[in-house]
Amino acid sequence: MVIFFAILNMSGINAKVIYFGNDRKVIRRKEFLKQLSHELVLPQLSRRSELTLGMPLNLQNKLKIYQTPGNDEHEEPETTGMKRKRCEDCAGPGNKRKLTKYNCKKCKKIVCLTHLDTFCGVCSTDFLAAHSNN
């Protein structure tokens, strides 16, 4: 461990020398090392924010700030590899807590097959047309 920390110390000193050679900006060593470590970790945080399968929800929410812009299509995983979650309509007291992998395409609410309405292409246009008149 001593050798590892000695290598880290030397690399931090060398990085600061190069930084001063390029920018000539005076900064304390402690602040420079914090900034250096933060910038070295950012690419890994960005990569990890895209691969959230099997990660606790609180960590997923914290990693969302590190997602690269324009990557919104990977935000919601497909239903084939998604973990099953509890139906929000069945979650009342006395009701069964059914596990499901389906969600509403519009509001992203998790629903089981009992509460999911499915239509063929013709029926869905008829349904939408009937409800748009109200």
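**Section: the overall build of the chain**
Along the backbone of the chain there are 4 helices and 2 strands. Burial analysis of the chain (134 residues in total) assigns 13% to the buried set. In the chain, once contacts between residues fewer than 6 apart in sequence are set aside, the share between residues at least 24 apart is 14%. Total accessible area on the chain stands at roughly 11,200 Å², and carbon and sulfur atoms take up 58% of it.

**Quick notes on the packing of aromatic side chains**
All chains considered together, the criterion is met by 3 aromatic pairs. With a centroid separation of 6.2 Å and an interplanar angle of 55 degrees, the aromatic rings of Tyr 19 and Phe 20 are classed as tilted. Judged by relative accessible area, which is 28%, Phe 20 ranks as partly exposed. Relative to Phe 32, the ring of Tyr 19 has its centre 5.2 Å away and its plane inclined at 45 degrees; by these criteria the two rings are tilted. Of this pair, Tyr 19 sits in helix H1 (residues 2-23) while Phe 32 sits in helix H2 (residues 29-50), placing them 13 residues apart in sequence. Side by side, Tyr 19 and Phe 32 carry an identical accessibility label, which is buried. Cluster of aromatic residues (ring-pair linked, three or more members): Tyr 19, Phe 20 and Phe 32.

**Re the packing of H1 against H2**
Where H1 meets H2, the closest approach of the two axes is 11 Å, and the angle between their N-to-C directions is 100 degrees. Here H1 lies roughly perpendicular to H2, going by the angle between them. Contact residues: H1 offers Asn 9, Gly 12, Ile 13, Ala 15, Lys 16 and Tyr 19, while H2 offers Arg 29, Phe 32, Leu 33 and Leu 36. Partitioned by chemical class, the residues of the contact of H1 with H2 number 6 nonpolar, 2 polar and 2 charged.

**A short note on the confidence of the model for the chain**
The share of residues in the chain with pLDDT of 70 or more is 72%, and the mean pLDDT across the chain is 76. Within the chain, H1 carries the highest mean pLDDT (90), whereas helix H4 (residues 121-132) carries the lowest (67). Note on residues 71-80: pLDDT under 50 across the span, and 6 contacts to partners over four residues away in sequence or across chains.

**Overview of the environment of Thr 100**
Counting through the fold element by element, Thr 100 comes out in strand S2 (residues 99-100). The spacing of Thr 100 and Leu 113 is 13 residues in sequence and 7.6 Å in space, taken between C-alpha atoms. Excluding residues that lie within four positions of it along the chain, Thr 100 makes contacts with Lys 83, Arg 84, Lys 85, Cys 87, Ile 110, Val 111 and Cys 112.

**A look at the side chain of Lys 16**
One can find Lys 16 in helix H1. Buried charge without a partner: Lys 16 forms no salt bridge, and the closest opposite charge is Glu 31, 11 Å away.

**Topic: the environment of Lys 85**
Note on placement: Lys 85 falls in strand S1 (residues 85-86). As a C-alpha pair, Lys 85 and Tyr 102 span 17 residues in sequence and 8.6 Å in three-dimensional space.

**Side note on a nonpolar patch on the surface**
A contiguous nonpolar surface patch, about 480 Å² in accessible area, is contributed by Met 1, Phe 4, Phe 5 and Leu 8. Looking at the element boundaries, Leu 8 is found in helix H1. According to the relative accessible area criterion, Leu 8 is partly exposed, its value standing at 43%.

Conventions and cut-offs
- Residues numbered from 1 in each chain as written.
- Predicted model: local features only at pLDDT ≥ 70, side-chain atom pairs only at ≥ 80, totals over all residues.
- Heavy atoms only, no water.
- Helix = DSSP H or I, 4+ residues; strand = E, 2+ residues; numbered from the N terminus.
- Buried < 20%, exposed > 50% of the residue type's maximum accessible area, 1.4 Å probe, protein only.
- Contact = heavy atoms within 4.5 Å.
- Areas by Shrake-Rupley, 256 points an atom, 1.4 Å probe, with all protein chains shown as cover.
- Phe/Tyr/Trp six-rings, centres within 6.5 Å; stacked < 30°, edge-to-face > 60°.
- Axes fitted to C-alpha atoms, helices over the stretch in contact; angles between N-to-C directions.
- Parallel < 35°, antiparallel > 145°, perpendicular 65-115°, else oblique.
- Nonpolar A, V, L, I, M, F, W, Y, C, P; charged D, E, K, R; others polar.
- pLDDT = per-residue confidence, 0-100.
- Lys, Arg positive; Asp, Glu negative; His and termini not counted.
- Salt bridge = Lys/Arg side-chain N within 4 Å of Asp/Glu carboxyl O.
- Patch = residues over 30% accessible without salt bridge, like charges linked within 9 Å, V, L, I, M, F, W, Y side chains within 5 Å.

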